[in-house]
Protein chains: 2
Amino acid sequence: MTAVKTEMDQLCINTIRFLSVDGVQRANSGHPGAPLGMATMAYTLWDRFLKHNPWNSRWQDRDRFVLSAGHASILLYSMLHLTGYDLSLEEIKNFRQWGSKTPGHPEYDLETGIETTTGPLGQGFANAIGMAIAEKWLSANFNRPGFDIIDHFTYVIASDGDLMEGVSGEAASMAGNLGLGKLICLYDDNGISIEGKTQITFTENVAKRFSAYDWQVIGPIDGFNTDEIEKAIKEAREDSERPSLIMCKTIIGYGSPKQGTEKVHGSPLGKEGVRAAKEKLGWIQEPDFHIPCEVLNYIRKAVERGKKAEEAWKEKMEKYAREYPEQAEKLQKQLSGELPDNWDEGLSSLFNNDSPPMATRSASGKVLNMLAGRIPSLMGGSADLAPSNKTLINDSDDFSNENPAGRNLRYGVREHAMGAISNGLALHGGVIPYTGTFLIFSDYMRPPIRLAAMMGLRVIYIFTHDSIGLGEDGPTHQPVEQLMSLRTVPNLTVIRPADATETAQAWKAAVGNNEGPTALILTRQNLPVIDREKYAKAQGLQKGAYVLWQSSENPPETIIIGTGSELEIALEAGHKLAEEGMKVRVVSMPSWELFDKQPEEYRESVLPSDVRARVAVEAGIKTGWEHYVGLDGSVVGMESFGASAPIKVLYKKFGITVEDVMARVESM
Amino acid sequence: MTAVKTEMDQLCINTIRFLSVDGVQRANSGHPGAPLGMATMAYTLWDRFLKHNPWNSRWQDRDRFVLSAGHASILLYSMLHLTGYDLSLEEIKNFRQWGSKTPGHPEYDLETGIETTTGPLGQGFANAIGMAIAEKWLSANFNRPGFDIIDHFTYVIASDGDLMEGVSGEAASMAGNLGLGKLICLYDDNGISIEGKTQITFTENVAKRFSAYDWQVIGPIDGFNTDEIEKAIKEAREDSERPSLIMCKTIIGYGSPKQGTEKVHGSPLGKEGVRAAKEKLGWIQEPDFHIPCEVLNYIRKAVERGKKAEEAWKEKMEKYAREYPEQAEKLQKQLSGELPDNWDEGLSSLFNNDSPPMATRSASGKVLNMLAGRIPSLMGGSADLAPSNKTLINDSDDFSNENPAGRNLRYGVREHAMGAISNGLALHGGVIPYTGTFLIFSDYMRPPIRLAAMMGLRVIYIFTHDSIGLGEDGPTHQPVEQLMSLRTVPNLTVIRPADATETAQAWKAAVGNNEGPTALILTRQNLPVIDREKYAKAQGLQKGAYVLWQSSENPPETIIIGTGSELEIALEAGHKLAEEGMKVRVVSMPSWELFDKQPEEYRESVLPSDVRARVAVEAGIKTGWEHYVGLDGSVVGMESFGASAPIKVLYKKFGITVEDVMARVESM
């Protein structure tokens, strides 16, 4: 079973195994089973194929490696340490401790060579598909005859669990459609998941399924045999038209007393288990974390190889820059994530008093198209709702196998994969991805949204049809709780603009935010464009909330806060109350996150602490708005799911009208 | 293309088509394309096969029909009206209007014959799999030789979009594994989705994929040919070992000027379009909503057939009841959803002062096993985390193809399908389903959670590993925002018990709630069992929040609110502050929803309006807690994602300690 090519291979593989085993044992927490089973696959891939430079983990044309089975994190850390990345043995010994570079599951850290955060199953697999799309797109746009400057593979190791998750099925279907020939997945087919043998529930024919997605399926091969793995990867690389799945038969926890069972998945082997495994695989019992000199000498050659490879690439790049200076500059700028000069010029005047009433989704479509002309890295699409989400870049083609230079992605009805693929696009670099779907279906893509926020990725979510305002499609399609629940995600910026002018500002904030994702929450229905000569400028959006209007210079008696389509209601109620003699302030609050980041002084200037007669109006769930209106204020919003009816009826029946706002204010 | 068997068939099919077309046209909103394409499939199924009684839509052994492509709702309404359900022509004319029985997407309404709420794609398909599991399970448990008293098919019509969604892939894989031979899916393979031809992104071989899941795949057949449809459904019914997918080739918007294009999907045909379609298919132009007498006479025979079929079944049931009186009574009780007498006896004393500290997940496992012994309809499982979620019923077997009488479901790593299948189990009746996964992965199953809440289904979600308290697995596995974001879902009851005694009460609340789903939020880590002789009884949980302890009879100066694992911190802080002379009240608040339902008087007694020095402590996102602490209070909780480290380090680093709570109180 352990037919490795050379003694050195065997030594290296066992070194990796026992670094992992000892790391888990010292942490007294972690997953030893997967590293013991996957070490040969990972080693063979890294030793024979992976194009990377451990001393420059940011080299732009490196192969991407994704450990989708993130619970095997210590395997990745072992590979990174051994091949010479900036990850010391101390860090391995510090596995799963506060402040270490070696957390329980891999966390995106380009300095260290960790390409993406994985753990929630299926996500890494779909990230890899995003990376492979980015590679294909950039190479189609920038490579020139004799200059394959973007030309790398994306490798992923996936587990049973990864392939059981729906998101991986969605992504795989898309990868097959797009002919991502440089995507190679090694499937650790060990037949065990946490509840026992995968046979208890996972009896489908995975090979046949992937073949149905139009993948090349290789194997099953012996996942402990370096020659077989090598041959399979070669075969995979040779098929440039189809992504490849290599079925690697392995044994979880290989070498340990409980190998081949779920008992070796998620907890340390224990002293006796470690001893027995070392004995069985012929490893010295002490010291822990043993790395034979010859192993380090051998594996660390990755540094030399990597440096040479990168230097060769740099030379090619320089020649390319001489022959295609404009392209080279554009590529570098795009890969760096830097925005073109003046990318936001004219955004503030795109809409004005002469603009007709329009849905914020329509305004968004116009802004997107304006920005797309200036920012070549903007690339994305919708989960089969482009005409509704207004996500098409009009003067671009579809990205497809036939036309990999196109910018419009066609995600199909696959919201979850769309989110996870977008993370891969952003992780790869060279792409600022955007997605599109109805706000209600943000629920289908919460896991990747969360990961984008955790990784600090610039991904822009276009969520349209943002409330009961979508009307007749009814409660299954009317978001009620989605807006508030997105606000609970750390580091996700949620922006719900109130008109076209705020929509332009929202896009500016989203594109300008390179520290995390932004969700744009947009209406289906038309909204009047606010007269910015009469009311405060839409630029106030950049601060999250701003005083749109107040009835007098004096401090207000009451503050009405509105967002999105309800700002119109807030404003009209404000005017009417002012006519009745009340001192009213109307605040537009498109973004909680942007507002909460402002200095206290600014926040106080918008919402003075001593004005407690506050009413918020938003066609979403009320819970949470006490954040701004407190216990003495009031919220005009939703308490239940919506209903199927024309929009006007719904606003009236659910009590989100000018009269309702006025009544609340008056009752305070 | 329109090879129907008889003239009557043709008349009926066109009646269905034009009821749909006219309904959409009158509403000036809706989806005419799907009904025009699917009418023949739906008609043939209902006319030739469907076992149902329009006059008793609750007949327990009826075939279940799920329109997964919920946007074709008007097709279902037309079928219901024509076959004689309690759905008048007025309702069809009132399509998509406030208060009608005919909302934009089908909404679960057993009175009317609507088996489930559909629209969000993939959900109905997976619901159907839950229904088929329920049928298989109940029949295995209750049928006796000669008495197939539970013996019906589950039919589903699905669209391209349904099959692109990952959730349907997960569910289909499971259906194949479980050998659900009585599940039959008619796939409306019309090659069009909203963005255009499905070929732009959906080029996978669906037949091969389903065959890989171990389904019988039939076709492609002509979806306009009644004979072919009939033959295919027969073939599907004959294979009792495998679920069947019938590939029906159809044309979206058949008969209308824009047939075969995405333009006919989501908006009315328009006057001219309606006219042209009627002309093309030989339908009279006026009146609208025309139902030829002979059609009604013919289709309404469903009532006679249904009554006879149900009567025959009742007779069989009576005989069964005589031969197996105990079984018959048990079955009826189970199907009615009624709980056995004394089902909750002893719950309040299951844990007491002598109980050792234990994780609330462990307490939950004990309660589940106690209840499972009394409530035979409890059935469920985990998405491959049973040992961690403590969801196994110890003295029961797995539900499997070989042993369909077992109660433990093995969902595999398929959280989304687990949620949607559970909805199907609950919808079928006879089952109170529960699910299990880590709280973080509630994100993978939000769409079905929402639908369970909307439909008011009794589904119990066991979510363990509920905070940073899970420790070393790190931020990818530590829920931060999930708890609060579940609280935003209308009609979902979220309960986070603080110890074993509250956990028993939480289960009582969950099982007793037959108006909606309940999420139990449970710890991985051990918690001390609160001394209920010294502190208030855990029964207080039933009111959502209760005064656990206060330092003096006088009104408190400050209130500390804790939930789950943080109640311990709240309590200790309270004691220490009391020692310093402060008048402190400590409130246990396991459930916002239960508390907010209490009369104002009770709420006021727990949280007196004039005590504003309130601190809430919960190891989740702070946003939202102002609901109870207002603008003058304070929250000890999370503002960011977690980190990988041992639990004690995490609580300290993230500032969720007794000292932090005390400092907050003292600063007020």
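For the structure, see preceding data.
What comes next is a walk through the structure. None of these values were measured; they are calculated from a predicted model.

## Regarding the overall build of chain A
Looking only at helices and strands, one finds 25 helices and 20 strands in chain A. A globule of 668 residues ought to have a C-alpha radius of gyration of about 26 Å, and chain A, at 28 Å, matches this closely. Each principal axis of the C-alpha distribution contributes one length, and for chain A these read about 90 × 60 × 45 Å. Across the 668 residues of chain A, 68% fall into the buried class. For chain A, contacts bridging at least 24 residues in sequence account for 77% of all contacts bridging at least 6. With the model as given, the accessible surface of chain A reaches about 21300 Å², and the carbon-plus-sulfur share is 47%. Separation of charge centres in chain A, based on 69 positive and 88 negative side chains, amounts to 2 Å.

## Here we look at the relation of the copies chain A and chain B
For these two chain copies, the linking operation is a rotation about an axis paired with a shift along it. In screw terms, the move from chain A to chain B is a rotation of 180 degrees and a rise of 0.0 Å along the axis, fitting with an RMSD of 0.0 Å. When the rotation and shift are considered jointly, the pair of chain copies conforms to a two-fold rotation axis. Most of the interface of chain A is mirrored in chain B, where 100% of its interface residues again form contacts.

## Digging into the interface of chain A and chain B
Counting from both sides, the interface comprises 100 residues of chain A and, opposite them, 100 residues of chain B. Counting the surface chain A buries against chain B, the share from its top three residues, Trp98(A), Glu195(A) and Arg450(A), is 10%. Across the contact surface, chain A and chain B share 10 salt bridges. Arg450(B) serves as the salt-bridge partner of Glu481(A), at 2.8 Å between the closest nitrogen and oxygen. Applying the counting rule to chain A against chain B returns 46 residue pairs in polar contact (both at pLDDT 80 or more). For the side of chain A that touches chain B, the per-class residue count stands at 42 nonpolar, 34 polar and 24 charged.

## Structural notes on the sheet that holds strand S9 (residues 378-382) of chain A
Sheet strands line up and pair through hydrogen bonds in the backbone, either parallel or antiparallel. Residues and elements named next belong to chain A. Read across the sheet, 6 strands follow the order S10-S9-S11-S12-S14-S13 without closing on themselves; strand pairing throughout is parallel. In the strand order of this sheet, the two ends are held by strand S10 (408-410) and strand S13 (493-495), each with one partner. Each strand axis lies, on average, 20 degrees off the axis of its neighbour in the sheet, ignoring direction. Both S13 and strand S14 (residues 518-521) contribute to a ladder of 3 bridges, which runs parallel. Within S14, the residue paired with Val494 across the bridge is Ala519. Across the face of the sheet, helix H14 (residues 360-374) comes into contact with S9, strand S11 (432-438) and strand S12 (460-464) while running at roughly 150 degrees to S9.

## Description of the state of the cysteines
All names here are of chain B. Tallying each qualifying case throughout the model produces 0 disulfides over all chains. Just so you know, Cys185 is unpaired, no disulfide at all, and the nearest cysteine sulfur is the one on Cys248, 8.6 Å from it. Under the relative-accessibility criterion, Cys185 is labelled buried at 0%.

## Examining the pattern of salt bridges
Residues and elements named next belong to chain B. Applying the stated criterion across every chain, the model contains 70 salt bridges over all chains. A salt bridge links Glu279 to Arg275, with the nearest nitrogen and oxygen atoms 2.7 Å apart. Here the residue Glu279 and the residue Arg275 both occupy positions in helix H10 (residues 270-280), the gap between them amounting to 4 residues, near one helical turn. Note on Glu279: relative accessible area 54%, which makes it exposed. Exposure remark for Arg275: the relative accessible area of 33% places this residue in the partly exposed category. Two residues, Glu502 and Arg532, come together in a salt bridge whose shortest N-O distance is 3.9 Å. Taken together, the positions of Glu502 in helix H19 (residues 500-512) and Arg532 in the loop between strand S15 (526-527) and strand S16 (546-550) put the pair 30 residues apart, joining distant regions of the chain.

## Some words on helix H16 (residues 415-428) of chain B
All names here are of chain B. The terminal C-alpha atoms of H16, which comprises 14 residues, lie 20 Å apart, in line with the 20 Å expected from a rise of 1.5 Å per residue. Counting buried positions over the 14 residues of H16 gives 14, a clear majority of the element. Immediately beyond the C-terminal end of H16, within one or two residues, lies Gly429, with a positive phi of roughly 95 degrees.

## Here we look at the side chain of Ser422(B)
Residue and element names in this part refer to chain B. Here Ser422 shows up in helix H16. Under the relative-accessibility criterion, Ser422 is labelled buried at 0%. Those residues in contact with Ser422 that lie beyond four places of it in its chain are Tyr411, Ala417, Pro433, Thr435 and Val459.

## Notes on the nonpolar core
Within the largest apolar cluster, 156 residues are counted, with the highest numbers of intra-cluster contacts made by Trp215(A) and Trp215(B). Sequence-distant contacts of Trp215(A), defined by excluding residues within four places in its chain, comprise Phe125(A), Ile129(A), Ala172(A), Ala175(A), Gly176(A), Leu183(A), Cys185(A), Phe210(A), Arg242(A), Pro243(A), Ser244(A) and Leu245(A).

What counts, and where the lines are drawn
Residues numbered from 1 in each chain as written. Chains lettered and ligands numbered in written order. Predicted model: local features only at pLDDT ≥ 70, side-chain atom pairs only at ≥ 80, totals over all residues. Heavy atoms only, no water. Helix = DSSP H or I, 4+ residues; strand = E, 2+ residues; numbered from the N terminus. Rg over C-alpha atoms; globule rule 2.2 N^0.38 Å. Buried < 20%, exposed > 50% of the residue type's maximum accessible area, 1.4 Å probe, protein only. Contact = heavy atoms within 4.5 Å. Areas by Shrake-Rupley, 256 points an atom, 1.4 Å probe, with all protein chains shown as cover. Lys, Arg positive; Asp, Glu negative; His and termini not counted. Charge placed at Lys NZ, Arg CZ, Asp CG, Glu CD. Least-squares fit on C-alpha atoms with pLDDT ≥ 70 in both. Buried area = accessible area lost by both parts, 1.4 Å probe. Salt bridge = Lys/Arg side-chain N within 4 Å of Asp/Glu carboxyl O. Polar contact = N/O pair within 3.5 Å; in protein donor to acceptor, adjacent residues only side chain to side chain. Nonpolar A, V, L, I, M, F, W, Y, C, P; charged D, E, K, R; others polar. Pairing = 2+ DSSP bridges. Axes fitted to C-alpha atoms, helices over the stretch in contact; angles between N-to-C directions. Disulfide = S-S within 2.5 Å. Expected span 1.5 Å × (residues − 1). Core = buried A, V, L, I, M, F, W, Y, C linked by side-chain atoms within 4.5 Å.

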